[in-house]
Amino acid sequence: MDDLINPAPKLYSRKTTVRDKIQPASLDAGDREPIDALEVFEHIRDITDPEHPYSLEQLNVVSEELITVNDQSGRVRLNFTPTVAHCSMATLIGLSLRVKLMRSLPPRFKVDIYITPGAHSTEAAINKQLNDKERVAAALENPNLLEMVNKSLTSCHQ
């Protein structure tokens with residue numbers, strides 16, 4: 001346990017989420033139901049932390065309040081908060097969030113992922129990496145890194 005960055009993280013309860021029902025009459029034939037922050041949150045809440053057997057929601061790394069979605073323009077902005085300001089897993093967490101959303105959202109969405117301002121000692125460098133297409137593509141070509149990402153995408157609640 002001595003080699004853990006945060007050996008005793010604070011755990012939070014899983015939140016109950018309730019979706020407002022869109023009445024079928026309010027959607028015209030052929031319309032799609034808009035994607036909102038809650039839907040994005042439900043895609044990412046159960047991603048497993050790379051260091052602990054807990055979800056990112058349980059560690060309060062992600063929350064619905066840190067997600068903004070503009071369905072009309074196809075934009076998602078997601079902030080996440082590492083458990084410690086010097087977390088060396090922050091880039092891996094951000095990459096896992098990006099991959100999960102790439103696999104879950106329609107391709108019309110552009111996703112921007114940032115560390116919550118002031119939450120990490122190297123947030124500017126990590127933000128740059130996470131939002132650079134070439135760096136993300138290069139990272140995902142690394143089989144060891146891709147294996148770690150895929151492992152984190154396996155829910156810890158299964």
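The numbers attached to residues start from 1 for each chain and follow its sequence in the written order. Residues qualify for local features only when their pLDDT is at least 70, as the model is predicted, and side-chain atom pairs are given and counted only at 80 or more; totals for whole chains, interfaces and linings, by contrast, use all residues. Only hydrogens and water are set aside when side-chain values are computed; all heavy atoms of the structure are taken into account.

Under an unreviewed UniProt entry, the name given to the protein chain is MIP18 family-like domain-containing protein, and the source organism is Symbiochloris irregularis. Per its UniProt entry, the protein chain bears the Sequence similarities (unreviewed entry) comment "Belongs to the MIP18 family." UniProt positions are given in the numbering used here, feature names are shortened, and annotations may be inferred rather than shown by experiment.

Participant: How should I be thinking about helix H1 (residues 37-44) in this particular structure?
Facilitator: At 3.6 residues per turn, the α-helix brings residues three or four places apart onto the same side. Exposure categories follow from relative accessible area, calculated using a 1.4 Å probe and restricted to protein chains: below 20% of the type maximum is buried, above 50% is exposed, and the middle band is partly exposed. Where helices and strands are cited, they refer to DSSP runs of H or I of at least four residues and of E of at least two residues respectively, numbered from the N terminus. Taken together, the buried positions of H1 are occupied by Ala37, Leu38, Val40, Phe41 and Ile44. Buried residues in H1, looked at end-on, bunch into an arc of 160 degrees, giving them a common side. The contact criterion used is simple: two residues touch if any of their non-hydrogen atoms lie within 4.5 Å. For H1, the elements touching its buried residues are strand S1 (67-70), strand S2 (75-80) and helix H2 (90-104). What the arc measures is the spread of directions leading from the helix axis to the C-beta atoms.

Participant: Before we go on, may I ask you to explain the layout of surface pockets in this structure?
Facilitator: The gaps left among the atoms become clear once a water-sized probe is rolled over them. Here a cavity is any set of points on a 1 Å grid over the protein atoms alone where a 1.4 Å probe fits but cannot get out, and a pocket is any open set with protein on both sides within 12 Å along at least 5 of 7 lines; a residue lines the site when it has an atom within 4 Å of a point. Grid points are joined across faces, edges and corners, and a volume is the space filled by probe spheres set on the points. Of the pockets and cavities examined, the largest pocket occupies roughly 300 Å³. Forming the walls of the largest pocket are 14 residues, and the residues nearest its centre are Arg98, Met102, Phe109, Lys110 and Val111. Looking at the lining of the largest pocket, the elements with two or more residues in it are H2, strand S3 (110-115) and helix H4 (133-141). The class makeup of the residues in the lining of the largest pocket is nine nonpolar, one polar and four charged. Estimated volume of the second largest pocket: approximately 150 Å³. Forming the boundary of the second largest pocket are Thr48, Asp49, Pro50, His52, Pro53, Met89, Leu92, Met148, Lys151 and Ser152. Throughout this entry, Asp, Glu, Lys and Arg are counted as charged residues, while Ala, Val, Leu, Ile, Met, Phe, Trp, Tyr, Cys and Pro are counted as nonpolar. The remaining residues, Gly among them, count as polar. Here the lining of the second largest pocket is composed, by residue class, of five nonpolar, three polar and two charged.

Participant: Help me understand the nonpolar core in this model?
Facilitator: One recurring pattern in soluble globular proteins is that nonpolar side chains are buried together. Within this scheme, the nonpolar core is defined by two criteria: the residues are buried Ala, Val, Leu, Ile, Met, Phe, Trp, Tyr or Cys, and they are joined through side-chain atoms within 4.5 Å. Core analysis: the largest hydrophobic core is formed by 35 residues, its most contacted members being Ile44, Val62, Ile67, Phe80, Leu97 and Leu105. For this core, the secondary-structure elements that each account for two or more residues are H1, S2, H2, S3, helix H3 (123-130), H4 and helix H5 (143-153). If one sorts the elements of this core by residue count, H2 sits on top with seven residues.

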